[in-house]
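Coordinate inspection notes
These are the residues of each chain, in order.
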Amino acid sequence: MSEVLPISAAVSVAPVRFSPRRVWTLAYATMTQLMRMKILPFLLVFCVLVAAMGFGASVINPEQQLSQFKTMSLGVLQIFSIVFGIVATALLLPKDLEDRTLYTILSKPVPRFDYVLGKLLGVLMLIASGLVIIDAVLSLVLWLQQSALFEASLAQLHSDKQDSPEVVAQMREIVARQGLTWNLHWAVWAIFLKASVVTTVALLLSCIASSTLFTIVITFCITIIGHGHAMIREFVLQPHLGSTSVRITSFLLAAICPDLAQFDVVDSVANGEIVPLGAVYEMTGIAALYMTVYLFVTHLVFVEKEL
Amino acid sequence: MSATPAVSVNHLTKVFKGSLGKGAFRAVHDVSLTVNVGEVYGLIGPNGSGKSTTMKAILGLLKPTAGDTRIFGIPSTEVASRRSVGFLPENPYFYKHLNGRETLHFYGKLCGMGGEKLKSRAEEMLALTGLEDAATRRVGGYSKGMLQRLGLAQALIHEPQLLVLDEPTAGVDPSGSRIIRDLIIEFRTRGITVLVTSHLLEQMQEVCDRVGIMAHGRMVREGRVEDLIAVENQTEMVLENASPELLAKIDALVKAEGGGTRMLRSGHPRTTLERLFLEATNEPKKP
Ligand SMILES: Nc1ncnc2c1ncn2[C@@H]1O[C@H](COP(=O)(O)OP(=O)(O)OP(=O)(O)O)[C@@H](O)[C@H]1O
Ligand SMILES: [Mg+2]
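No experiment lies behind these values; they were computed from the predicted model shown.

**Notes on the packing of aromatic side chains**
All names here are of chain A. In the structure shown here, the tally under the stated rule is eight aromatic pairs over all chains. Measuring from centroid to centroid gives 6.2 Å for phenylalanine 18 and phenylalanine 113, while their planes differ by 50 degrees, and the two rings are tilted. A residue pair is termed long-range when its members are at least 10 positions apart, and phenylalanine 18 in the segment before α1 (20-35) and phenylalanine 113 in helix α5 (residues 112-159) qualify at 95 residues. Residue phenylalanine 113 is classed as partly exposed on the basis of its relative accessible area, which comes to 25%.

**Here we look at the side chain of threonine 281 of chain B**
Residue and element names in this part refer to chain B. Among the secondary structure elements, threonine 281 is positioned in helix α9 (residues 272-281). Within the local environment of threonine 281, its side chain forms a polar contact with the backbone oxygen of phenylalanine 277, the two atoms lying 2.7 Å apart. What threonine 281 contacts, discounting residues up to four positions off in sequence, is Pro46, Ile213, Met214 and Ala215.

**Focus: the coordination of the magnesium ion (ligand 2)**
Residue and element names in this part refer to chain B. Protein-derived coordination of the magnesium ion (ligand 2) comes from Ser52 (OG) and Glu90 (OE), at a distance range of 1.9 to 2.5 Å. Placement of the pair is serine 52 in helix α1 (residues 51-58) and glutamate 90 in the loop between β6 (85-88) and α2 (100-110), with a sequence separation of 38 residues. When its relative accessible area of 13% is taken as the criterion, serine 52 is described as buried.

**Some remarks on unusual backbone geometry**
All names here are of chain B. Even without being a glycine, glutamate 159 presents a positive backbone phi close to 50 degrees. Relative to the helices and strands, glutamate 159 resides in the loop between α4 (144-156) and β7 (162-166). The backbone of glutamate 167 shows a phi angle near 50 degrees, a positive value even though the residue is not glycine. On the secondary structure map, glutamate 167 appears in the loop between β7 and α5 (174-189).

**Some details on the site of ligand 1**
All names here are of chain B. Taken together, 14 residues lie near ligand 1, and Asn47, Gly48, Lys51, Ser52 and Thr53 sit nearest. Here histidine 199 contributes a side-chain N or O atom positioned 3.0 Å from an oxygen atom of ligand 1. Alone, ligand 1 offers 640 Å² of accessible surface; in the complex the protein occludes 65% of this. Within the residue set of the shell around ligand 1, elements represented by two or more residues are β2 (25-35) and α1.

**Quick word on the pairing of strand β10 (residues 218-224) of chain B**
Residues and elements named next belong to chain B. Of the strand pairs in this sheet, strand β9 (residues 210-215) and β10 are connected by six bridges, and their pairing is antiparallel. Within β10, the residue paired with isoleucine 213 across the bridge is arginine 221. Linkage of β9 to β10, two consecutive antiparallel strands, is achieved through a turn of two residues, within which histidine 216 is found at a positive phi near 50 degrees.

**A short note on the sheet that holds strand β4 (residues 66-71) of chain B**
Residue and element names in this part refer to chain B. Read across the sheet, four strands follow the order β2-β1-β4-β5 without closing on themselves; strand pairing throughout is antiparallel. The strands lining the two open edges of the sheet, one partner per strand, are β2 and β5 (74-75). Relative to β2, strand β1 (residues 7-16) runs antiparallel, the two sharing seven bridges. The residue bridging lysine 14 from the neighbouring strand is valine 28, located in β2. The strands touched by α1 are β1, β2 and β4; relative to β1, the strand with the most contacts, the crossing angle is about 115 degrees.

**So, the sheet that holds β6 of chain B**
Residue and element names in this part refer to chain B. Ordered in space as β6-β7-β8-β3-β9-β10, the six strands form an open sheet in which the pairing is mixed. Looking at strand neighbours, the two that pair on one side only are β6 and β10, the edges of this open sheet. Here the average twist between neighbouring strands, direction ignored, is 15 degrees. The strands touched by α1 within the sheet are β3 (40-44), β6, β7, β8 (193-197) and β9, with β8 carrying the most contacts at an inclination of about 145 degrees.

**A word on a nonpolar patch on the surface**
On the surface, Leu289, Val293, Phe296, Val297 and Leu300 of chain A cluster together to form a nonpolar patch covering roughly 470 Å² of accessible area. Locating leucine 300 of chain A in the fold gives a position in helix α12 (residues 277-303).

**What to know about the interface of chain A and chain B**
Tallying the contact residues gives 44 residues for chain A and 50 residues for chain B. Here chain A and chain B share an interface that buries about 4,100 Å² over both sides, 58% of which is from carbon and sulfur atoms. Connecting chain A to chain B are two salt bridges. The partner of lysine 63 of chain B in a salt bridge is glutamate 304 of chain A, and the shortest N-O contact between them spans 3.9 Å. Taken together, the connections running from chain A to chain B amount to 15 residue pairs in polar contact (both at pLDDT 80 or more). Among the secondary structure elements, those contributing two or more residues to the side of chain A that touches chain B are α1, α3 (62-98), α4 (101-106) and α5 of chain A. The greatest single-element share of the side of chain A that touches chain B, amounting to seven residues, is contributed by α1 of chain A. Within the side of chain A that touches chain B, the residues separate by chemical class into 21 nonpolar, nine polar and 14 charged.

Parameters at a glance
- Along every chain, residues carry numbers that run from 1 in the direction the sequence is written.
- Here chains are named by letter from A upward and ligands by number from 1 upward, in the order in which they appear as written.
- Per-residue local features of the predicted model are confined to residues with pLDDT of at least 70, and side-chain atom pairs are confined, for both listing and counting, to 80 or more; whole-chain, interface and lining totals are unaffected and use all residues.
- Side-chain metrics in this entry use all non-hydrogen atoms of the structure; hydrogen atoms and water are not considered.
- Ring geometry is summarised as follows: Phe, Tyr and Trp rings, the Trp one being its six-membered ring, pair when their centres sit within 6.5 Å, and such pairs are stacked at plane angles under 30 degrees, edge-to-face over 60 and tilted between the two.
- A run of DSSP states H or I qualifies as a helix once it reaches four residues; a run of E qualifies as a strand once it reaches two. Both are numbered from the N-terminal end.
- Each residue is placed in one exposure class: buried if its accessible area under a 1.4 Å probe, protein chains only, is under 20% of its type's maximum, exposed if it is over 50%, and partly exposed if it falls in between.
- Any pair of nitrogen or oxygen atoms within 3.5 Å is treated as a polar contact; in protein, a donor-acceptor pairing is required on top of that, and neighbouring residues in sequence qualify only through side-chain atoms on both sides.
- Working rule for contacts: check all heavy atoms of both residues, and any pair within 4.5 Å makes them a contact.
- A donor here means an N, O or S atom no more than 2.8 Å from the metal, or no more than 3.2 Å when the metal is Na, K or Ca. Since water is not included, a site may seem to lack partners.
- If a single non-hydrogen atom of a residue is within 4 Å of a molecule or strand, that residue counts as near it.
- All accessibility values rest on the Shrake-Rupley procedure with a 1.4 Å probe; residue burial counts only the protein chains present in the view.
- Two strands are said to pair when DSSP picks up at least two bridges between them.
- For helices, the fitted axis covers only the stretch in contact; all axes are lines through C-alpha atoms, and the angles between them, taken along N-to-C directions, range from 0 to 180 degrees.
- Patch definition: residues with relative accessible area over 30% and no salt bridge; like charges joined within 9 Å; nonpolar side chains (Val, Leu, Ile, Met, Phe, Trp, Tyr) joined within 5 Å.
- In the sections that follow, a salt bridge refers to a side-chain nitrogen of Lys or Arg positioned within 4 Å of a carboxyl oxygen of Asp or Glu.
- Defined here as a combined quantity, buried area equals the accessible surface (1.4 Å probe) lost by two parts on assembly, summed across both.
- Three categories are distinguished: nonpolar for Ala, Val, Leu, Ile, Met, Phe, Trp, Tyr, Cys and Pro, charged for Asp, Glu, Lys and Arg, and polar for the others, with Gly belonging to the last.

Listed below in structure tokens is the structure:
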């Protein structure tokens, strides 16, 4: 205890500013905290499953097989990322409250917004890293499968004596369209966007209720309703339909729930349709808007929260 | 020393709302206190008297129902008020996946520290709290006393000028608790202000300049320790190796003196703060 605690002069009264470094510290801690919850083996199982699906299926025709593989793996990936986002977020805040780690964190000069943002980024960063790994595995499997299928079809055509240059070119085109293209990455990006929006909703609910079960159940409900957003909107916009209370409820639901169908590109990607870059930008913009609004409301709730 | 007090609590009232409006509970009732810069202030009181609640309000973790709290003149509602406070909550707990050293680094970074400065500061704090050997062990496996020590280390990491310690010695072994007491005395010589609660009244009497005694959410006594525990019309005599004969002689002398002089008791002296504590907190509850 020699020159350990020097007395500095006056205490600064300047407001504490938002600090990206602090947010990063919190996000990184959140990420490592989640990593210790044994998620990596889960990820590994998923990758093995994808590989098995890719190589194990019997050959029907190259186009269908590639398409089916994409539909299945992307669908599972979507569910996986949403479930992870919701559950992880629902666990984090109540845990910090219960363990009183929140007391020690917020009694430091840490604005509550930094804390909330750090938690959100931590979860999103983990989802993103998982998706990047899986995207790589998917791409590899798809590429291998694509070449294998092309070879097989070529051999088939050859033995049928139908390997005229036009037919081969056509075959190559079909396989390439269903194979590894940028579309796959856009689909994974869309999956990430949807999971991010749902995670932000979970964070908001978790700040309101600080109960894990409540957050999980309600966020799942909102996710399901969010997929039928267009239906609710149509219903609300039709004049003379349903009683007033039902109409008000639907209107509120439409106002509260995000329109998650905006991010459904998986089907068109699986069908080998091209996702235009404009659509990607639009999707990203919509997600950013949703997240900003939800995060803002979260902040308003959390600043007032009694700990 | 500046005129702004380190901590000021003005007519603080905290009511916890029960669920569905039922069972509202008034944990703190119109409490005012001032901790001046450089002094050690002890808050004592029975379990559930509102000490921790008052501290949480000071740190902005709870919103007062009425009244306000300030740190170095800055309202607790502002984040800036927490810039030079170190807080040790009761029964502290940390991220159990981090080890002791990583925990200190985490809290240091939250305070905007970094690099070599933070590293050396963290080592210093580990040494100070006797946790060097446990520095690489997961906090999840720490004992209660070790968590308490780590809590003290994280409270000190950013060299705060005010320390708010909620039962720093709870669960700490006798030698550790003595070390903490000596630390508090050392903080005072360095001009660091300390607001502390503890149930170890003997230690509180030794380290505190002033104490406030809380009971049922109210401040029932407040003042300088010497003033509070001095009983004006009584004198305490402490003798060493006194024979029974000598004691009998003294007793006879006192009796011979007559008038209002009486021997109230003799025997081993009690901690006087403890006596005061029991008196003050056993007074009938105010409505
Ligand atoms: N979040 C809360 N909700 C409802 N009641 C609370 C809450 N926090 C504290 N209380 C109540 O407020 C009263 C004061 O609690 P507090 O923790 O301040 O006591 P304390 O003086 O620190 O006691 P101890 O010596 O046991 O630590 C208690 O009766 C407690 O039950
Ligand atoms: Mg307490």
